[in-house]
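Understanding the architecture of this molecule
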Amino acid sequence: NTAAMSRRSGFKDPPLGPTETAKEDEWTNEDMENFRKTDLAQQFEEVKSLETQKLSASELNTFATAKKIVKVVTMLVVFLIVLSATVVSKGATFLMVSQVSTTRSPTPFCTNNIPYLYANLTGPVVSNSSGQEKIAWLWGLFFSFLAPELLVFIQSFWNYLTRAEKREENQEDEKDGEREDQDKSTGKIKENQLLQIDFIIVSFFEVAHAAGTAILFTIAFPEMDSIQAIMATSALCWFPGFLLLFKQVKEDTSKKIVKISLTVISLLVQMTALVWPVVWGLDNQTDKRVWALPVGLFLTSLGWWEGFVGDWVTGYLSQLKTKLMDHENSADMNLGVAPLKICTFILIFAFAPTLNSPSELFTLFIDSFTTFDYFLNPTWTLETPIYHITTILESIEIFWKGPVLVILVQIISSWVAYIFGKFACKGKIQEWCYALPLSVLATPICVISLLQLCYNKKSDACVYASFPPHVFFHCPQEVWAWDWRWMGLLWFLSQLWITHHIWFPKNEKLEKTDHIFGADLYSGLLIDQSLMLNRRSDEEKNTKMESQEEDKPGKIRIKGCATLWHETSEEMTVMLQSTFRMDDWTKKMKETPGHRDYFDWELHVFFDDAMATKSNGKVIVNDFVETLRKTIEDYGEKYYGPTKWSVDLEKFKTPYGGRMVWQLPGGTSINVHLKNKKKIRHKKRWSQIMYIYYFLVYMLKNDGLTEEEIEDRKKNTFLLALDGDVDFQPDAITKVVDLMKVNPKVGAACGRIHPTGTGPMQWYQKFEYAIGHWLQKATEHMLGCVLCSPGCFSLFRAEALMSHNVMHTYTTMASEPKHLVQYDQGEDRWLCTLMLKQGWRVEYCAASDSFTQCPEGFKEFFNQRRRWMPSTMLNIVDLISDSKTVIKNNPDISKGYMFYQSFMMFGTVFGPGSIFLMLIGAFSTAFGISNDTALIINAVLAGGFVVACCVLKGPEQVRLAELLTVVYAIIMIAVYIGIILQIIQDGPESLTALSFFVTFGSFLFAAIIHPMEFSCLFCMPIYMATIPSMYMLLMIYAIFNINDVSWGTREGPKSAEDKVKEEEEKQNRVPDGVLGFVQSQLDSTLNGLSCCMCCGNGDKSEEKMKNIEISLNQIKIHLNIDGAEQIDEGTTEEITNVETDNPTNLSDMPKKIDEGTIEKSIETDNPNDSAKPNKTSGINFFKHGANKLMATTSLDMFLKTEKGKVIENWGEIDDKKEKDFWVKLIEQYLLPETFNDEKRKKEVQGLLELKNSAAGGFVLINVMWISAFYMLQAHTNELGIIWPLGGKLTSISFDTNDQYSNQIILDYVYLQVDVLGMLFAVGFIGLMLLQFITMIIHRLLTLEHIVSSTDLRKPTDQDCKSEKKKLENIGSNLVNRGQHTSDV
């Protein structure tokens, strides 16, 4: 083994004896000893550091390659969809235009489908549509134009309605001056407020655009063949080209002349479209293209001004564009402009040349859609038709044979092209999936495809049998003739240059739609041109994005804020892995100037209850802090290597306790704030208040910033709340930061939390967390706001935390019993509740993954949920009860969303009763017993647990719940078999079957569209088997223990003071109410019985253990061993005579302690104990152990470690302002809470009353729910209603009364269900479908985020050089060490 280790490390073995060389003989014993202590130990450490480390959960789940594959596949799919949708939309549009034409050359007609004509015609014929036929196609053009405009109007109107009440309230607040920050926002509102002249100018551009579009598609294009018309759509860029030229003149670049020259040439080519039709049509004065095409092109082009106006324009249009980039201003503008555009289009198309009179649009509307009406002419005489054919379409044929199908295809394909085009822009795949299909491929493919279609149609009239025989494109006379088409090619090339900005996007990931497109939505008839010309050039953003790294406005600063308490070394190591990764990532970002994801990072750890006071009055750090220090040192050396990890620890005294600081090799720091609970209030909420005020008040106010800089810092400073065991990658932070950048009203954002651990409880939580995020959080995000951003990994905006009534309320002390539960048992949820009430948005980012240790034991899990469930319910009830204010303040929360949360709360409260009823029915089906028997069995199980929660202590309740969980899990196997049998019996359309299919179908589909989390589905059996326990027993346990406000997890040993107070509370506790009386009576009876059965009369084992603890503490006091706490006066009388005059100066301490001193002190402390051998046996044992220890070990090592632990030996903070800040903050908010007997008794009494009322009400409403359901089910035949689906055929009979009748009678039997059951089941199915739909939408947004964040490019030269340099340094260090050992 030694040889293998030496080979791996590259070091040689030391000389072993005198048989070696002369050089080796020179070694002395001292040299050999030094070698063994230093060099050899270092070699072993090197071997250890080179060993393969186990990957953390976040490293195992990074899936970098999988994300790249997902991006490539997504790009391919989006490219194909955008291209095909654009081509289909364009083709459907000009198919409709072709039918409207009055000059179209007749279409070759296929007579195969009309046998009579085929038999009687002697030659080929052609078709011409009648005037009635053209009405439907004309309406189709209008509907295609109307669809996006109507959608914009509806969105704007809805936006206006949702802001109406809020606007009134804000006006009242401005008048009364109720809010301080309203004055600042008022100035912005006035500056960006739309004026009347703004509405006039925008109306002019938009109405001109609508008029031009109507002229083109109802007058100009119908007079042209389809190829000419499609090519003419490339000549709509003259006004955007003019704006582009104006911008380039003001540029100061080296390629300015080249750009201006190309733009001028392109602009001249575009202008030829305005002149060429006039010249071309001089010989044909009746051709409407002479005037319609130039006018239509000119007016339509005016509508695409907004995408080409930027900050480089100093005039009015720039200011107007800035106003319209505000979503509310844009909605208000569209509310008035959209109706004007619609009316303008109607006015022009009502006088289209196709119509004899405008009234035909309405009188022939229905007939034009329900019939085909056309004429057939022989090819040798086109003037006189020989047949007038009218085909009547019946029912469904109207939708798939007539104009309706083409219209729907055009509308849907245009919308799909816009949606996926927007996806490409937000997903940062614009070059290949937006610019390429729209600007390069769409028009050529349309032209070439139509030419081939026309050629095939002229060659064989029956080649396209799927087309209606008289419907086809307006084909040119000579299909492959070049003649004038070179002009269309020039228009196309000029359009490429004018829209070249779409090849160079500069927008942020997930950018708002208002910042991507100039106008809302798109032009339904010109989808490709509208997407290209409506795309903002947005060069003005580039400067801001490239200056992220420098200390300028807009720089992102993130303060990592981790809270620690009693985490283990393994859990701390997980957090340190993430911290050191962040250090490496930050260093890499600093070496990459201008990186969009760069942010300033530092980590602060806030350690609760980190101090202990020794008997001599010294304050030292406790064992948990020592564990953290040792873990940082050990893992830091292992992560960075011994040579790179040369980090000095700085230690300071602070008004709240102490601080330890490590400066990491990458340039970031770890700042550990050690809280002394005797100086500052402890627990997680107060740690959050501590760091929020430290970062957002002290640091902002004392950095010498101006007011403007402070406001910018608030918007771009974020606090990342972390738990002490969280595992994450840097990419997880950048993902949630992306959401903050996109929407400045996002106050908090959380990611996907993955529970780690082992065992059945972790399996259950893995699936529970999965469906909670897949369905619940995604639905909250899409319908309104996420209600809770968990404190283990959440990003909070500084501006949101400092807003009115958030931190001011968050620092409130609990004054009522329910506040103790709502405020401190779920502090992260309460903080989010306060932010939601103030109008901030909370979002969920599924692309951000983090991993945290979950409870692996049943007891720890139940205690954790015992904290979470009541706090969750109280916070949701708080929001619902104050819904009117929340809806007014928060634009993202609506009445519908509050109804959704109310329905969810209803399901939570009545969930145990519903599970109970489900078990009754399942028991009856699975075991073949009556409902009454099933009711009794379940009542015994559930009712027994309720009684146990009244009379037993918490640990006993949990043990009983654990036992019942196993019982229910076994029973649930039979239950699910019973459900399947019931589905077979009732049919697949029964309520039970539909609920079953919807539930499991949602889970399965959710897992499929979350491929990286598909393994969670394998944990579903555990989840399904424990439903009765987790949704019934756990709820009962949480409600009946709502008075227990302890943390429940990672509980450390209690101090003597806490034990005394707890004992006094037990003695003074007087139960109230019916539940209290039952508990007191049964508790005393059961305790006495258990004492007689288990303990006997004279056993005092509890007293023995107390004596052992006292003896241990005495030994520690005399030895000054770490962890000995100062014992308060009066807690125990046995240690009052212990000497406390130990020397405080370490130099004066004796090197060894006389064994007799310890023995004497122990023997003389309690002289009466000699008569009680049962009490002194433990003391004698520990006395012997102490004597043996002190006989062989010096006290030097204890003194050496203690010196670093004593806070008085640490340095002072240099900044006096910071000291004053902490003193004032502690005095105002964070003074340790003092309890007197009366206050504590009142608090305990209040919690008991809360428990009695909550438990009593909970039991009452669930019993009523069960009773109502059970009675209705028992009398379903009399009170039930018929379920209309899934009827069973029972018999077939014939009507024999009438001999001429052929009537067959089928008898069906339908299930009868109770009213409440049907309503509950239908509501549940509707809820699952709603969550299913919102999950799909949210998943698309997540895919957009993943695609935009995944880089397919190879590492840059700078990355390669950095990696190469890193490897060279490592190799050099190893070689040097190997050479050093070889020399030795």
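Each chain has its residues counted from 1, following the order in which its sequence is written. For this predicted model, a pLDDT threshold of at least 70 governs which residues receive local features, and a threshold of 80 or more governs which side-chain atom pairs are given and counted, while totals over whole chains, interfaces and linings are taken from all residues. The side-chain numbers reported here are obtained from all heavy atoms of the structure, hydrogens and water having been left aside.

1. Focus on the overall build of the protein
Put simply, the rule reads: Strands are runs of DSSP state E lasting at least two residues, helices are runs of H or I lasting at least four, and both sets are numbered from the N terminus onward. Relative accessibility under 20% of the residue-type maximum defines a buried residue, over 50% an exposed one, and the middle range a partly exposed one, all with a 1.4 Å probe and only protein chains included. Any two residues whose heavy atoms approach within 4.5 Å are treated as being in contact. Reported accessibility uses the Shrake-Rupley method at a 1.4 Å probe radius. Residues are deemed covered only where the shown protein chains occlude them.
The number of helices and strands found in the protein is 54 helices and 21 strands. The 1384 residues of the protein split such that 50% are buried. Sequence-distant contacts, at least 24 apart, represent 80% of the contacts inside the protein between residues at least 6 apart. Accessible surface computed for the protein: about 65300 Å², of which carbon and sulfur atoms make up 60%.

2. Section: unusual backbone geometry
In this structure, L510 takes a positive phi of about 60 degrees despite not being glycine. With respect to the helices, strands and loops of the structure, L510 is situated in the loop between α21 (485-498) and α22 (513-516). Residue class for L510 comes out buried when judged on its relative accessible area of 10%. Located in the positive-phi region is D609, a residue other than glycine, with phi close to 50 degrees. With respect to the helices and strands, D609 occurs in the loop between β6 (600-607) and β7 (611-613).

3. Here's the deal with the packing of aromatic side chains
For the record, the criterion: Pairs were defined over the aromatic rings of Phe, Tyr and Trp, the Trp ring being its six-membered one, requiring ring centres within 6.5 Å. Orientation was assigned from the angle between planes: stacked under 30 degrees, edge-to-face over 60, tilted for the rest. The rule is short: NZ of Lys or CZ of Arg within 6 Å of the ring centre and within 35 degrees of the ring normal puts a charge over the ring.
Scanning the model with the defined rule gives 65 aromatic pairs in all. Measuring from ring centre to ring centre gives 5.7 Å for F472 and F473, while their planes differ by 80 degrees; the resulting arrangement is edge-to-face. Across this residue pair, the class does not change: F472 and F473 are buried. Here the aromatic cluster, defined as three or more aromatic residues joined through ring pairs, consists of Y764, F767, F858, F861, F862, F996, F997, F1000, F1003, Y1023, Y1031 and Y1037. Positioned above the aromatic ring of W686, the side-chain terminus of R685 is 4.3 Å from the ring centre. A cation sits over an aromatic face here: K745 above W840, 4.0 Å from the ring centre.

4. Looking at the side chain of N1262
With respect to the helices and strands, the residue N1262 is situated in helix α51 (residues 1237-1274). For N1262, a relative accessible area of 5% gives the class buried. Setting aside residues up to four positions removed in sequence, N1262 forms contacts with V909, F910, P912 and G913.

5. Describing the nonpolar core
Our working rule: We call a set of buried Ala, Val, Leu, Ile, Met, Phe, Trp, Tyr and Cys residues a nonpolar core when their side-chain atoms join them within 4.5 Å.
Counting residues in each nonpolar core, the largest one holds 130 residues, and the members touching the most others are W774, M835, F862, M1032 and L1230. Once residues within four sequence positions are removed from consideration, L1230 is found in contact with K679, I680, R681, W686, I689, M690 and L1225. One finds F221, A232, C237 and I429 within the second-largest nonpolar core, a separate group that totals 126 residues.

6. Side note on the environment of I1027
You can see I1027 is positioned in helix α43 (residues 1027-1040). Residue classification places I1027 among the buried positions, given a relative accessible area of 14%. Along the primary structure I1027 and M972 are separated by 55 residues, whereas in three dimensions their C-alpha atoms are 8.5 Å apart. The contacts of I1027, once residues within four sequence positions are left out, are I915, Y976 and M1032.

7. Some thoughts on the sheet that holds strand β16 (residues 841-853)
Heads up, the condition is: Here, strands pair whenever DSSP counts at least two bridges between them. Here, axes are lines fitted to C-alpha atoms. For helices the fit covers the stretch in contact, and angles between N-to-C directions go from 0 to 180 degrees.
Pairing in this open sheet of eleven strands is mixed, and the strands run β13-β16-β14-β15-β12-β5-β6-β11-β10-β9-β17 from one edge to the other. Single-partner strands in this sheet number two, and they are β13 (727-728) and β17 (1211-1212). Sheet topology note: the strand β10 (residues 657-663)/strand β11 (residues 669-675) ladder contains seven bridges and is antiparallel. Bridging across to β11, V661 finds its partner in N671. Of the strands in this sheet, β5 (557-564), β6, β12 (717-723), β13, β14 (746-756), β15 (793-797) and β16 touch helix α29 (residues 730-742), which is tilted by about 170 degrees from β16. Lying over the sheet, helix α30 (residues 760-783) contacts β14 and β16, oriented at roughly 155 degrees with respect to β14.

8. Here we look at the packing of helix α41 (residues 991-1008) against helix α53 (residues 1315-1349)
Heads up, the rule is: Geometric relationships in this document are graded by angle, where less than 35 degrees denotes roughly parallel, more than 145 denotes roughly antiparallel, 65 to 115 denotes roughly perpendicular, and other angles denote oblique. Note on convention: the crossing is left-handed when the near helix lies turned anticlockwise from the far helix by less than a right angle, right-handed when the turn is clockwise. Gly is put with the polar residues, along with every residue not named as nonpolar or charged; the nonpolar set is Ala, Val, Leu, Ile, Met, Phe, Trp, Tyr, Cys and Pro, and the charged set is Asp, Glu, Lys and Arg.
The N-to-C vectors of α41 and α53 enclose an angle of 20 degrees; their axes lie 10 Å apart at closest approach. Relative to α53, the element α41 is oriented roughly parallel. The two elements α41 and α53 meet at a crossing, and its hand is left-handed. Of the residues in α53, those in contact with L991, L994, S995, V998, T999, S1002, F1003, F1005 and A1006 of α41 are M1318, A1321, V1322, F1324, I1325, M1328, F1332, M1335 and I1336. Looking at the contact of α41 with α53 residue by residue, the class counts come to 15 nonpolar, three polar and no charged.

9. Considerations on the pattern of salt bridges
We apply this condition: We define a salt bridge as a contact between a side-chain nitrogen of Lys or Arg and a carboxyl oxygen of Asp or Glu at a distance within 4 Å.
Applying the stated criterion to the full structure yields 33 salt bridges. R536 serves as the salt-bridge partner of E306, at 3.1 Å between the closest nitrogen and oxygen. Placement of E306 in the loop between α13 (289-301) and α14 (316-324) and of R536 in the loop between α23 (527-533) and α24 (542-546) is noted, with a sequence separation of 230 residues between them. You can call E306 buried: its relative accessible area is 8%. R536 gets classed as buried once you look at its relative accessible area, which sits at 4%. With a closest N to O distance of 2.7 Å, E768 and R865 form a salt bridge. With E768 in helix α30 and R865 in helix α35 (residues 858-881), the pair connects residues that are 97 residues apart, well separated along the chain. Comparing E768 with R865 shows no difference in burial state: the two are buried.

10. Observations regarding the confidence of the model for the protein
Segments scoring low in pLDDT should not have their predicted coordinates read at a detailed level. The following threshold applies: Scored from 0 to 100, pLDDT reflects the predictor's confidence in each residue.
For the protein, per-residue confidence averages 79 on the pLDDT scale, and residues scoring 70 or more make up 75% of the total. Below a pLDDT of 50 lies the segment residues 1-25, which in the model reaches 28 contacts outside its immediate sequence neighbourhood of four places, other chains included. Across residues 540-550, confidence stays below pLDDT 50; counting only partners more than four residues off in sequence or on other chains, it has 25 contacts.

11. A word on helix α34 (residues 827-837)
Across the eleven residues of α34, eleven count as buried, placing the element largely inside the fold. Residues of α34 that are buried include every one of E827, D828, R829, W830, L831, C832, T833, L834, M835, L836 and K837, and no others. Just beyond α34, the residue with positive phi is G839, at close to 95 degrees.

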